[in-house]
Amino acid sequence: MTTAPTGELRIAVLLGGGEAAPLLQVVVPLVEGREAEVKGLFVEDDELLRLAALPFSQELCRLTLAERALDPATLEQQFRIQARLARRALETAVGLERARRSFRSARGTLATLLPLEAEGADLLVFGPAGATPRFGRTPAPRRAAEREPGPVVVACSESPAGLRAITVAERLARARRQRLEVLVIAAADDEARALAADLRAKLQPPPSRCRALPRLDTETLVQTARGAGALVMEALPELLQGLGLRVLQQGLACPVLLVR
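Residues numbered from 1 in each chain as written. Predicted model: local features only at pLDDT ≥ 70, side-chain atom pairs only at ≥ 80, totals over all residues. Heavy atoms only, no water.

Caption draft 1: Highlighting the pairing of strand β6 (residues 123-126). Side chains Leu 123 and Val 125 of β6 all project onto a buried face; the interleaved residues Leu 124 and Phe 126 project onto the opposite face, where all are buried too. One ladder, built from 4 bridges, connects strand β1 (residues 9-15) with β6; its direction is parallel. Considered in β6, the bridge of Leu 14 is made with Phe 126. Two elements, β6 and strand β11 (residues 256-259), share 4 bridges in a ladder whose sense is antiparallel. (Buried < 20%, exposed > 50% of the residue type's maximum accessible area, 1.4 Å probe, protein only. Helix = DSSP H or I, 4+ residues; strand = E, 2+ residues; numbered from the N terminus. Pairing = 2+ DSSP bridges.)

Caption draft 2: Looking closely at the confidence of the model for the protein chain. Looking at the protein chain, pLDDT values average 83 and 84% of them are 70 or higher. Across residues 131-146 the pLDDT falls below 50, and counting only partners more than four positions away or on other chains, this stretch makes 34 contacts in the model. (pLDDT = per-residue confidence, 0-100. Contact = heavy atoms within 4.5 Å.)

Caption draft 3: Up close: the pairing of strand β8 (residues 180-185). The element β8 is largely enclosed, with a buried count of 6 among its 6 residues. Residues Leu 180, Val 182 and Val 184 point to one face of β8 and Glu 181, Leu 183 and Ile 185 to the other, with burial holding for every one of them. When strand β7 (residues 152-156) meets β8, the two strands line up parallel, connected through 5 bridges. Within β8, the position partnered with Val 153 by the bridge is Glu 181. In terms of strand pairing, β8 meets strand β9 (residues 209-213) through 5 bridges, oriented parallel. Along β9, the bridge assignment pairs Val 184 with Ala 212.

And the structure:
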């Protein structure tokens, strides 16, 4: 079912306080053999800056578990360091040599910046929350899904963007030698089941699992896709309005690829 790539692929990668490598690793298989433009955007989270300005804010060292007061100046310095590391990762990423690359930083949140980036991109990539400074007395435990990548999960309808999402997920799963799981989104149960059966028959090799998700419920989607190595889905308008993005980013521990 995979179609041959045509035209230049425009990818926007939204980077935060975590490592850039996992996000860039899912981009590399998609640009191989075609013209591509990869734009890196480091998000300076202004919600964190407002939190840091509160008198009771504390930063927890993950190595020593020592706490210290966190102020905006300290956080801005951390942003600058993280942005330099992210820029270097983009510039030196193996497999992106042929792609046109650019990088910039912007203050805001994923919810405010991603819709702006969507206007000039075919594919948007972002990572999970939790890579930012932690507040509290103990670090969050690492889940198995964070240690061992699971399958590539694609959530799609039969819209043109949904079909493009399947193509992206197929290519990613094949390149990374991961299983492919399909979640079909449709307005009615019978429509979802019919589309799932059609995709199960057409995809070669067939997906390891193909399930119907009758309605777009982001929390249900997170529960279903938890443990995935990557989640690919069409960039539905409901997600770009903010709340859905927050649920995805906080509920999953894998890269998310939104296909337009």
